Amino acid sequence: MHDIAQTVSNFVDLNWMNMTYLFLVGFVGGLVSGFIGSGGAFVLTPGMMSMGVPGLVAVASNMCHKFPKALVGAIKRAKYGQVDVKLGIVLGVSAEAGVLYGAHIQEGIKKAFGDAGSNLYVSVAFVVILAVVGSFVLRDAWKTYKSGASNEAEKVTKIAKWVQSINIPGTMVYFKSLNAKISILFTIPLGFATGMLAATIAVGGFIGVPSMIYVLGAPSLMASATELVIAFVMGLGGSFKYAMHGLVDIRLSMIILGGSLFGIQLGAIGTTYVKPYMIKMVMGVIMVIVLFSRALMVPVYMSQLNLIGQLSETTMKSLKSTSFAIMIFALALGAFIILRAIWQGRRAEKLSAQEAVIHGKV
Amino acid sequence: MGSNYGKKKPIGRMIIMGIISIALYTALLTNQAIINNYVGRGGIYAFLPIVMAFIFSFVHGNFTGDFWAVIGVEAARKKKEVK
């Protein structure tokens, strides 16, 4: 990695267009991650690369904006009583190990199959994981919405009940978000998987949040808030590792952070206005749309690896730009749902406050 | 606004943090070459971007938090019942 840092001119020239783009995507990404615990990276990293930033520098700079953003978001949401710091740290530490292992696998694949092989691996991981987890999360949110039981407390899944019932002496830890003791042996693989996914597709939360909800039994609000602690722990370690090799472009990180801190504050505020299933809804919607975006890229990489017939240059270009446009759409739609929920929640609150005043006068 | 009566808006702190935040960003962008030179060295200089990230997140994070409070976008008053 050090060689790459030295041979490639890592730091691009920044113009106002680039900075505005990073700031805005940072804002929308921050808004989404303040709400669901993660997101934004899948647009930011390819976005930076399209500016001419080398891939590793884009990943490193994205990570270096992620951990301070997650920290600010976690502090904000802790004020609302939504963060389980202990669970976040326990999962975060095992996620760190997952990141290292995931990066190791990535390097191996890159060595054996080149860039196209590594891209294909990333895209297939995206498609498979998002298809399984995303459709499950979305289906669950949709069922809650349709059943009209959106006001009721979230039910703990059967698997979470089972996990909570297992007693392995010497490994049991109490977590406030679960209101139960669980064996740390269950959290380690979940954290590890979160980290591996973060190293592969840059959004570990797509595993972290659903696993806290469905496997451990945490409420959605607490799971998404606790994910910010995991992202902080993971991001801090990862950023340091990349910074050791001089791969962080701090200007890019701080400009994205500039926008994302506006967003994350707003996203965190948004969680106080919505019913818990909305977290799942936003997350599921984004996951499923991103899935389509990445699926479009699979034939491009397969053709580069000669696994299928050669695609024409124009076909590849149009697949690439459609894929990127769909990703931006996914993020924008997520942001729209959140902003709409905040707006509706605030309007309802104002109306009830007005009613209270009128009744008070009468 | 009805949502924040009884609470003073943090206008003063927002202005101070806003000014420091702008100063930090100006310093960063006007000294790009020097900063990139040090950050790009890696090794022990890895602490540099990490420390910068913490400083920016503290200052700018406080500013953005106060910004939304000052324009009246705040958390719902009704406490969400979280287990």
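Nothing here was measured: the structure is a model prediction, and the numbers come from that model.

### Quick look at the overall build of chain B
Each helix and strand in chain B was counted, giving 3 helices and 0 strands. Secondary structure of chain B in N-to-C order comes out as α-α-α. Among the 83 residues that make up chain B, the fraction classed as buried is 41%. Restricting the contact set of chain B to residue pairs at least 6 apart, pairs at least 24 apart contribute 84%. In the structure as shown, chain B presents an accessible area of about 4900 Å², 71% of it carried by carbon and sulfur atoms.

### Quick notes on the pattern of salt bridges
Residues and elements named next belong to chain A. By the definition in use, this model includes 5 salt bridges over all chains. Taking the shortest distance from any N to any O, the salt bridge between Asp140 and Lys280 comes out at 3.0 Å. Here Lys280 lies in helix H11 (residues 277–304) and Asp140 lies in helix H5 (residues 85–147), a separation of 140 residues in the sequence. Taken individually, Asp140 and Lys280 each receive the classification buried, so the pair is uniform in this respect. The partner of Lys280 in a salt bridge is Glu154, and the shortest N-O contact between them spans 3.1 Å. Here the residue Lys280 occupies a position in helix H11, and Glu154 occupies one in the loop between H5 and helix H6 (158–165), the gap between them amounting to 126 residues. A relative accessible area of 8% means that Lys280 is categorised as buried. A single salt-bridge network, built from bridges that share partners, covers Asp140, Glu154 and Lys280.

### Here's the deal with the environment of A:Pro46
In this structure, A:Pro46 sits in helix H3 (residues 41–50). In this view, A:Pro46 contacts A:Ala41, A:Phe324 and A:Met327; residues no more than four positions away in its chain are not counted.

### A look at the confidence of the model for chain B
In the predicted model, chain B carries a mean pLDDT of 88, and 84% of its residues have values of at least 70. This complex was scored by the predictor with a pTM of 0.91 and an ipTM of 0.89.

### A word on the confidence of the model for chain A
All names here are of chain A. Predicted confidence across chain A gives a mean pLDDT of 90, with 97% of residues reaching 70 or more. Across chain A, the secondary-structure element scoring lowest on mean pLDDT is helix H1 (residues 2–7), at 46, and the one scoring highest is helix H10 (residues 250–271), at 97. In this model residues 2–8 is a low-confidence stretch, pLDDT under 50, and it forms 7 contacts with partners more than four residues away in sequence or in other chains.

### With respect to the nonpolar core
Burial of nonpolar side chains together is a common tendency in soluble globular proteins. Residue and element names in this part refer to chain A. Core analysis: the largest hydrophobic core is formed by 122 residues, its most contacted members being Phe42 and Phe206. Those residues in contact with Phe42, other than ones at most four positions away along the chain, are Phe126, Val203, Phe206, Ile286, Val290, Met327 and Leu331. Counting residues in each nonpolar core, the second largest holds 7 residues, with Leu120, Val300, Tyr301 and Met316 among its members.

### Examining the UniProt feature "transmembrane region" (unreviewed entry) in chain B
Within the UniProt annotation, "transmembrane region" (unreviewed entry) is assigned to residues 12–35 and 47–73 of chain B. Taken end to end, residues 47–73 of chain B is 89% helix and 0% strand, and its two terminal C-alpha atoms sit 35 Å from one another.

### Let's talk about the packing of helix H1 (residues 11–30) of chain B against helix H3 (residues 47–70) of chain B
Residues and elements named next belong to chain B. Taken N-terminus to C-terminus, the directions of H1 and H3 make an angle of 140°; their axes are 8 Å apart at the nearest point. One element, H1, and the other, H3, form an angle in the oblique class. Here H1 and H3 pass one another in a crossing that is left-handed. For the pair formed by H1 and H3, the contact residues are Ile11, Arg13, Met14, Met17, Gly18, Ile20, Ser21, Leu24, Tyr25 and Leu28 on the first element and Met52, Ile55, Phe56, Phe58, Val59, His60, Asn62, Phe63, Asp66, Phe67 and Val70 on the second. Of the residues assigned to the contact of H1 with H3, the class counts are 15 nonpolar, 4 polar and 2 charged.

About the criteria used
Sequence positions are assigned chain by chain, starting from 1 and proceeding in written order. Here chains are named by letter from A upward and ligands by number from 1 upward, in the order in which they appear as written. With pLDDT at 70 or above as the cut-off, local features in this predicted model cover only qualifying residues; side-chain atom pairs require 80 or more to be listed or tallied, and sums for whole chains, interfaces and linings still use all residues. In computing side-chain properties, one takes all heavy atoms of the structure into account and sets aside hydrogens as well as water. The helix count covers DSSP runs of H or I at least four residues long, the strand count covers runs of E at least two residues long, and both are numbered beginning at the N terminus. Summary of the burial criterion: residues with accessible area below 20% of their type's maximum are buried, those above 50% are exposed, and those between are partly exposed, where the area comes from a 1.4 Å probe applied to protein chains only. What makes two residues a contact is simply this: any of their non-hydrogen atoms within 4.5 Å. Computed with the Shrake-Rupley method and a 1.4 Å probe, the accessible areas treat only the protein chains shown as cover for residues. Whenever a carboxyl oxygen of Asp or Glu lies within 4 Å of a side-chain nitrogen of Lys or Arg, that contact is scored as a salt bridge. Confidence of the predictor in every single residue is expressed as pLDDT, which spans 0 to 100. By nonpolar core we mean a set of buried residues, namely Ala, Val, Leu, Ile, Met, Phe, Trp, Tyr and Cys, connected to one another through side-chain atoms within 4.5 Å. UniProt positions are given in the numbering used here, feature names are shortened, and annotations may be inferred rather than shown by experiment. Axes, fitted as lines to C-alpha atoms, cover a helix only where it is in contact. Angles between the N-to-C directions of the axes lie from 0 to 180 degrees. These descriptions rest on fixed angle ranges, namely under 35 degrees for roughly parallel, over 145 for roughly antiparallel, 65 to 115 for roughly perpendicular, and the rest for oblique. For any helix crossing, the convention is left-handed if the near helix is rotated counterclockwise from the far helix by under a right angle, and right-handed if that rotation is clockwise. In the scheme used here, Gly and all other residues not listed as nonpolar or charged are polar, with Ala, Val, Leu, Ile, Met, Phe, Trp, Tyr, Cys and Pro taken as nonpolar and Asp, Glu, Lys and Arg as charged.

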